[in-house]
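Structure at a glance
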Amino acid sequence: MSKKVIAFAASSSRRSINKQLVTHACELLRGECEIEILDLNDYELPLFSVDREDELGQPALARDFLRKISDSDGIIIAFAEHNGCYSAAYKNLYDWVSRIQPRVYQDKPMVLLSTSPGGRGGKSVMELALAQMPRFGGEVRASLSVPSFQDNFDSETGVISNAEIAAQVETAVNSLFAK
Ligand SMILES: Cc1cc2nc3c(=O)[nH]c(=O)nc-3n(C[C@H](O)[C@H](O)[C@H](O)COP(=O)(O)O)c2cc1C
């Protein structure tokens, strides 16, 4: 049976460049794996606070997101960088989900990507994610920050136009289930 991969951009932007990147990464696995690309907008929850938690308990959307993770064999995430950190949309969902299951990623293998319009390609949020994943149960197999997205990605074809970066993304994605 083919492996199930879930993927998402840690962004709620309708024109997310990280969504474009993660979609391209998934295309590289199509035919080999069963792929589901999630959209954080489908998991929008009120701004987390312990008071809201007292009112709402464990929201169904947070439980649904956790179930997507537990039903998967591997995960690909592309992180948007906002002020050197996660986007508020990702952090908020994460806060809700972590109250149900602190090891959110449940020891699944994962590939982490990030991109931004600038030359660092979201390196700060990547450093944050890499530092935190062991605590959150993420088994990181590869990570890659793609710089200057608009210069290196052809949005019409959905493909990376820079050959060197394209090869790096392919290597990263192929590490997901590599022994
Ligand atoms: C509130 C805000 C803060 C941002 N901070 C950073 C930053 O710290 N570093 C960076 O490289 N880009 C930053 N950006 C630019 C984002 O990289 C850019 O908006 C990118 O498109 C976000 O990814 P997304 O399109 O996948 O949402 C910021 C953008 C916003 C809206």
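Below or above, wherever it landed, is the structure these notes cover. (Residues numbered from 1 in each chain as written. Predicted model: local features only at pLDDT ≥ 70, side-chain atom pairs only at ≥ 80, totals over all residues. Heavy atoms only, no water.)

1. A look at the overall build of the protein chain
When helices and strands are counted, the protein chain shows seven helices and seven strands. When the helices and strands of the protein chain are placed in sequence order, the string is β-α-β-α-α-β-α-β-α-β-α-β-β-α. Relative to a compact globule of 179 residues, whose C-alpha radius of gyration would be 16 Å, the protein chain shows 16 Å and is just as compact. With the C-alpha coordinates aligned to their principal axes, the bounding extent of the protein chain is approximately 50 × 40 × 30 Å. Sorting the 179 residues of the protein chain into buried and exposed places 46% on the buried side. Intrachain contacts of the protein chain at a sequence separation of at least 6 include 78% that bridge at least 24 residues. Total accessible area on the protein chain is roughly 9000 Å²; 47% of this is exposed by carbon and sulfur atoms. (Helix = DSSP H or I, 4+ residues; strand = E, 2+ residues; numbered from the N terminus. Rg over C-alpha atoms; globule rule 2.2 N^0.38 Å. Buried < 20%, exposed > 50% of the residue type's maximum accessible area, 1.4 Å probe, protein only. Contact = heavy atoms within 4.5 Å. Areas by Shrake-Rupley, 256 points an atom, 1.4 Å probe, with all protein chains shown as cover.)

2. Regarding the site of the ligand
Close to the ligand lie Ser 11, Ser 13, Ser 16, Ile 17, Asn 18, Ala 80, Glu 81, His 82, Asn 83, Gly 84, Ser 116 and Pro 117. Ser 11 is positioned with one of its side-chain polar atoms (N or O) 2.7 Å from an oxygen atom of the ligand. At 2.8 Å, a side-chain N or O of Asn 18 approaches an oxygen atom of the ligand. Summarising the interface, the protein chains cover 63% of the accessible area of the ligand, which totals 620 Å² for the free molecule. In terms of residue class, the shell around the ligand is made up of three nonpolar, eight polar and one charged. (Near = heavy atom within 4 Å. Polar contact = N/O pair within 3.5 Å; in protein donor to acceptor, adjacent residues only side chain to side chain. Nonpolar A, V, L, I, M, F, W, Y, C, P; charged D, E, K, R; others polar.)

3. Thoughts on the packing of aromatic side chains
Counted by the stated rule, this structure contains eleven aromatic pairs. Considering the side-chain rings of Tyr 43 and Phe 65, the 5.2 Å spacing of their centres and the 70 degrees angle between planes classify their relative orientation as edge-to-face. In this pair, Tyr 43 is assigned in the loop between strand 2 (33-38) and helix 2 (50-56) and Phe 65 in helix 3 (residues 60-70), connecting sequence segments 22 residues apart. Assessed through its relative accessible area of 9%, Tyr 43 is described here as buried. Ring geometry for Phe 79 and Tyr 86: centres 5.5 Å apart, planes at 40 degrees, overall tilted. On the basis of relative accessible area, Tyr 86 is assigned to the buried category, the value being 12%. Through pairs of rings, three or more aromatic residues link up here, namely Phe 8, Tyr 43, Phe 65, Phe 79, Tyr 86, Tyr 90, Tyr 94, Tyr 105 and Phe 136. (Phe/Tyr/Trp six-rings, centres within 6.5 Å; stacked < 30°, edge-to-face > 60°.)

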